[in-house]
Amino acid sequence: MPWRLLRFALSKKHPEPRMFAQPDKLKTSYDAVIIGGGGHGLAAAYYLARDHGMTNIAVLEKGYIGGGNTGRNTTIIRSNYLTPEGVKFYDASLDLWKDLSQDFDLNLFYSTRGHYTLAHTDAAMRTMRWRAEVNKHYGIDSEVVGPEEIRRASPQIDLSCGGHSPILGALYHAPGAVARHDAVAWGYGRGASMRGVEIHQQTQVMGIDVQGGKVCGVHTDKGYISTPKVLCAVAGSTPRITDMVGLRTPIYIHPLQAMVSEPMKPWLDPILVSGSLHIYVSQSARGELVMGASLDPYELHSTRSTLDFVEGLSAHMLDMFPFLSHVKVVRQWAGMADMTPDFAPIMGKTPVEGFYLDAGWGTWGFKATPISGKTMAYTLANDRNHELIEGFSLSRFARYALTGEKGAASVGH
Amino acid sequence: MKILTCPINGTRPISEFIYGGEYRAMPDPQVVSDEAWADYVFNRNGAPGIKLEWWCHASSTTWFIVERDTARDRVVRSFLFDEIRYQGGAK
Ligand SMILES: Cc1cc2nc3c(=O)[nH]c(=O)nc-3n(C[C@H](O)[C@H](O)[C@H](O)COP(=O)(O)OP(=O)(O)OC[C@H]3O[C@@H](n4cnc5c(N)ncnc54)[C@H](O)[C@@H]3O)c2cc1C
């Protein structure tokens, strides 16, 4: 045990400052209330305080910060999406990610690995070419590569995938990265707290007070707060909150599971994704393989994990990397993904005045944490949708104007 | 949920079934407004609860209705759609 730790245990005083202050009581009113202490809610609080001078804000978190999907995801960060709206938005996020560690003075273990989306069929190759062209048009580092380049990046791969789904090529995205997810929540939380934002953990929102089409306050299990503005950033719990203000949305909840292997010496440098085999995998700084698959097949509001998932994902991993047959899986878990029909998020103002939505992040929202925080802060402070999120408004469904991102977001992360 | 009961084929492993989404009564497309139609096409009852859902027993292509608690993953009962049809549609 490091000496410093022992000293903390013996002394009554803790010289190390906490990551963020723990306010003891809720005030009776705030300028804004943010529901959900995940990366998105905390990032919005951070930018509201830092860029818009709004500090009389409470972030309400029913559990602990980062305990939702923020702390459960496989941390893949990229911007090679399919629609112009998506590409511009996620690329602005990538720009913020690059100096976030500096910004926070906290090591986020941001690690640029290169991201390969493998194509096993002609149809998939066609989508890759389409994405590469859209990406290049917006100045994003993205190109289609052949099997030889894939082998060079990952020499252990069986390019025939056991003979039944040979890899024809891939979309290669050099800036693809991974980062340490909890640190992102802590970094934003600490930055917000330092600027005066209150973070209340173990505080659940039970109802929202709407009068004359306007938000007036929030009921929590610790009492009532009056506020003119509420940001809902609760990922898998979104429909429960939108029901409180009587908003209908297309969001549906399915679990998404992930697992890690025992740690190994570093052998996998890039991030590999296969839509056909339903795999995404990278090797963490600790040497574990971090692996995910597609969404669970039916609606469920629970974070239980299943053996079916481990069996299916392991079988597909072995198609790609037969040499892993003796490697053990050490942990598995799940998060509740807030899915949308077009695989694009739902962000911005809503028909309820003062109620702002940051949701529909499904299986792809970790990479968006910085930019959604920034654009939602702008939207809340100015009561006007930020231009980067105009394609993501809730009203697009009533207008039949969907933002079709499925080709790039479904398994792609 | 590891098993499910098909009203025709009995209790089978869940891997034999395909989920078909919540059962919702369809408005008449000839008379409904664009807005109400969009509401039917896109919007969902996303919060947890006891819901009626379409499921299909894949190997026999039997479609049927399951009443399930989507918070706790407990099936209340499963039955053929006829039961709803002869009631003039469920809400
Ligand atoms: C297994 C898995 C893998 C994923 N992989 C990737 C990936 O590789 N790349 C990527 O970009 N994205 C990925 N995602 C998606 C990503 O994790 C999420 O989209 C993102 O983290 C959402 O962040 P958030 O802050 O909006 O939500 P969350 O982190 O879920 O935070 C919401 C918070 O709201 C709280 N809350 C809920 N209800 C209430 C209430 N009534 N009152 C108070 N608080 C409440 C919850 O406790 C929770 O902490 C993955 C998701 C999962 C589950």
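Residues numbered from 1 in each chain as written. Chains lettered and ligands numbered in written order. Predicted model: local features only at pLDDT ≥ 70, side-chain atom pairs only at ≥ 80, totals over all residues. Heavy atoms only, no water.

**A closer look at the overall build of chain A**
Then, number 1: Secondary structure summary: chain A contains eleven helices and 20 strands in total.
Then, number 2: A globule of 413 residues ought to have a C-alpha radius of gyration of about 22 Å, and chain A, at 22 Å, matches this closely.
Then, number 3: Its C-alpha atoms give chain A principal-axis dimensions of roughly 65 × 65 × 40 Å.
Then, number 4: A buried classification covers 56% of the 413 residues belonging to chain A.
Then, number 5: A fraction of 76% describes how many contacts in chain A between residues 6 or more apart in sequence connect residues 24 or more apart.
Then, number 6: Total accessible area on chain A stands at roughly 16900 Å², and carbon and sulfur atoms take up 53% of it.
Then, number 7: When the 40 basic and 39 acidic side-chain charges of chain A are each reduced to a single mean position, those positions are 5 Å apart. (Helix = DSSP H or I, 4+ residues; strand = E, 2+ residues; numbered from the N terminus. Rg over C-alpha atoms; globule rule 2.2 N^0.38 Å. Buried < 20%, exposed > 50% of the residue type's maximum accessible area, 1.4 Å probe, protein only. Contact = heavy atoms within 4.5 Å. Areas by Shrake-Rupley, 256 points an atom, 1.4 Å probe, with all protein chains shown as cover. Lys, Arg positive; Asp, Glu negative; His and termini not counted. Charge placed at Lys NZ, Arg CZ, Asp CG, Glu CD.)

**What to know about the overall build of chain B**
Then, number 1: In terms of regular secondary structure, chain B is built from two helices and six strands.
Then, number 2: Tracing chain B from N to C terminus, the helices and strands come up as β-β-β-α-β-β-β-α.
Then, number 3: Here the C-alpha coordinates of chain B stretch approximately 40 × 25 × 20 Å along the principal axes.
Then, number 4: Scored against the burial criterion, the 91 residues of chain B give a buried share of 34%.
Then, number 5: Of the contacts formed within chain B by residues at least 6 apart in sequence, a portion of 44% connects residues at least 24 apart.
Then, number 6: Carbon and sulfur atoms form 52% of the exposed surface of chain B, whose accessible area is close to 5300 Å².
Then, number 7: Both charge centroids of chain B, one from 11 positive and one from 12 negative side chains, sit 8 Å from each other.

**Thoughts on the packing of helix 2 (residues 39–52) of chain A against helix 10 (residues 369–382) of chain A**
Geometry of a packed helix pair, given as the angle between the helix axes and the separation of the axes.
Residues and elements named next belong to chain A.
Then, number 1: Interaxial distance between helix 2 and helix 10 falls to 7 Å at its minimum, and their mutual angle equals 55 degrees. Relative to helix 10, helix 2 is oriented oblique. Every pair of crossing elements has a handedness; the one defined by helix 2 and helix 10 is right-handed. Where helix 2 abuts helix 10, its residues Gly 39, His 40, Ala 43, Ala 44, Tyr 47, Leu 48, Arg 50, Asp 51 and His 52 lie against Thr 369, Pro 370, Ser 372, Gly 373, Lys 374, Ala 377, Tyr 378, Leu 380, Ala 381 and Asn 382.
Then, number 2: Among the residues forming the contact of helix 2 with helix 10, the class breakdown is nine nonpolar, seven polar and three charged. (Axes fitted to C-alpha atoms, helices over the stretch in contact; angles between N-to-C directions. Parallel < 35°, antiparallel > 145°, perpendicular 65-115°, else oblique. Left-handed = near helix turned anticlockwise from the far one by under 90°. Nonpolar A, V, L, I, M, F, W, Y, C, P; charged D, E, K, R; others polar.)

**Focus: the confidence of the model for chain B**
Then, number 1: With 96% of its residues at a pLDDT of 70 or more, chain B shows a mean pLDDT of 94.
Then, number 2: The ipTM assigned to the predicted complex is 0.94, against a pTM of 0.95. (pLDDT = per-residue confidence, 0-100.)

**A short note on the site of the ligand**
Residues and elements named next belong to chain A.
Then, number 1: Lining the immediate environment of the ligand, one finds 37 residues, of which Glu 61, Asn 69, Thr 70, Thr 74 and Lys 367 sit closest.
Then, number 2: Thr 75 is positioned such that a nitrogen or oxygen atom in its backbone is 3.4 Å from an oxygen atom of the ligand.
Then, number 3: A distance of 3.2 Å separates an oxygen atom of the ligand from a polar atom in the backbone of Trp 361.
Then, number 4: Within the complex, the protein chains bury 97% of what would otherwise be the 1000 Å² of accessible surface of the ligand.
Then, number 5: Among the elements that take part in the shell around the ligand, strand 14 (residues 252–261) stands out by supplying three residues, more than any other.
Then, number 6: Among the residues forming the shell around the ligand, the class breakdown is 13 nonpolar, 20 polar and four charged. (Near = heavy atom within 4 Å. Polar contact = N/O pair within 3.5 Å; in protein donor to acceptor, adjacent residues only side chain to side chain.)

**Thoughts on the interface of chain A and chain B**
Then, number 1: Between chain A and chain B, the residue contacts involve 21 residues of the former and 20 residues of the latter.
Then, number 2: Its salt-bridge partner being Asp39(B), residue Arg248(A) comes within 3.1 Å of it at the nearest N-O pair.
Then, number 3: Inspection of the chain A/chain B interface yields eleven residue pairs in polar contact (both at pLDDT 80 or more).
Then, number 4: Residue classes in the side of chain A that touches chain B are distributed as twelve nonpolar, four polar and five charged. (Salt bridge = Lys/Arg side-chain N within 4 Å of Asp/Glu carboxyl O.)

**Thoughts on the nonpolar core**
Residue and element names in this part refer to chain A.
Then, number 1: Formed by 62 residues in total, the largest nonpolar core has its most connected members in Ile 34, Tyr 47, Phe 89, Trp 97, Leu 108 and Tyr 188.
Then, number 2: No other element matches the eight residues that helix 2 contributes to this core.
Then, number 3: Among residues more than four places away in sequence, those in contact with Tyr 47 are His 52, Leu 96, Leu 100, Tyr 188, Pro 370, Gly 373, Lys 374 and Ala 377. (Core = buried A, V, L, I, M, F, W, Y, C linked by side-chain atoms within 4.5 Å.)

**Quick notes on the sheet that holds strand 18 (residues 329–339) of chain A**
Residues and elements named next belong to chain A.
Then, number 1: A sheet is described by the order of its strands in space; here eight strands give the open sequence 6-7-5-15-16-17-14-18, paired in mixed fashion. In this open sheet, the two strands that pair with only one neighbour each are strand 6 (143–145) and strand 18. For this sheet the average axis-to-axis angle between neighbouring strands, irrespective of direction, equals 20 degrees.
Then, number 2: Where strand 6 and strand 7 (residues 169–173) come together, three bridges link them in antiparallel fashion. (Pairing = 2+ DSSP bridges.)

**Points about the pairing of strand 11 (residues 214–220) of chain A**
Residue and element names in this part refer to chain A.
Then, number 1: Where strand 10 (residues 205–211) meets strand 11, six bridges bridge the pair, whose relative direction is antiparallel. Within strand 11, the position partnered with Gln 211 by the bridge is Lys 214.
Then, number 2: Between the antiparallel neighbours strand 10 and strand 11 lie two residues, among them Gly 212 with a positive phi of about 60 degrees.
Then, number 3: When strand 11 meets strand 12 (residues 223–226), the two strands line up antiparallel, connected through four bridges. Its bridge partner lying in strand 12, Val 218 is registered against Ile 225.
Then, number 4: Where strand 11 folds back on strand 12, the antiparallel hairpin that results is connected by two residues.

**Brief notes about the pattern of salt bridges**
Then, number 1: According to the stated counting rule, one finds 20 salt bridges over all chains in the structure shown.
Then, number 2: For Arg304(A), the salt bridge is made with Asp296(A), and the minimal N-O distance between the two is 2.9 Å.
Then, number 3: Looking at Arg304(A), the relative accessible area reads 23%, which means it is partly exposed.
Then, number 4: Judged by relative accessible area, Asp296(A) falls into the buried class, the value being 8%.
Then, number 5: Among the salt bridges present, the one from Arg85(B) reaches Asp82(B), with a minimum N-O distance of 2.6 Å. One end of the pair, Arg85(B), and the other, Asp82(B), are both in helix 2 (residues 82–85), three residues apart, so they sit about a helical turn from each other.

**Points about the packing of aromatic side chains**
All names here are of chain A.
Then, number 1: In total, this model carries 27 aromatic pairs over all chains according to the counting rule given.
Then, number 2: Between Phe 89 and Tyr 90 the ring centres are 5.3 Å apart and the planes differ by 85 degrees, which places this aromatic pair in the edge-to-face class. There is no split in this pair, since Phe 89 and Tyr 90 are both buried.
Then, number 3: Taken together, the ring pairs connect Tyr 81, Phe 89, Tyr 90, Trp 361 and Phe 392 into an aromatic cluster.
Then, number 4: It is Arg 78 that lies over the ring of Tyr 81; its NZ or CZ is 4.3 Å from the centre.
Then, number 5: Sitting over the ring of Tyr 90, Lys 367 keeps its end group 6.0 Å from the ring centre. (Phe/Tyr/Trp six-rings, centres within 6.5 Å; stacked < 30°, edge-to-face > 60°. Lys NZ or Arg CZ within 6 Å of the ring centre and 35° of its normal.)

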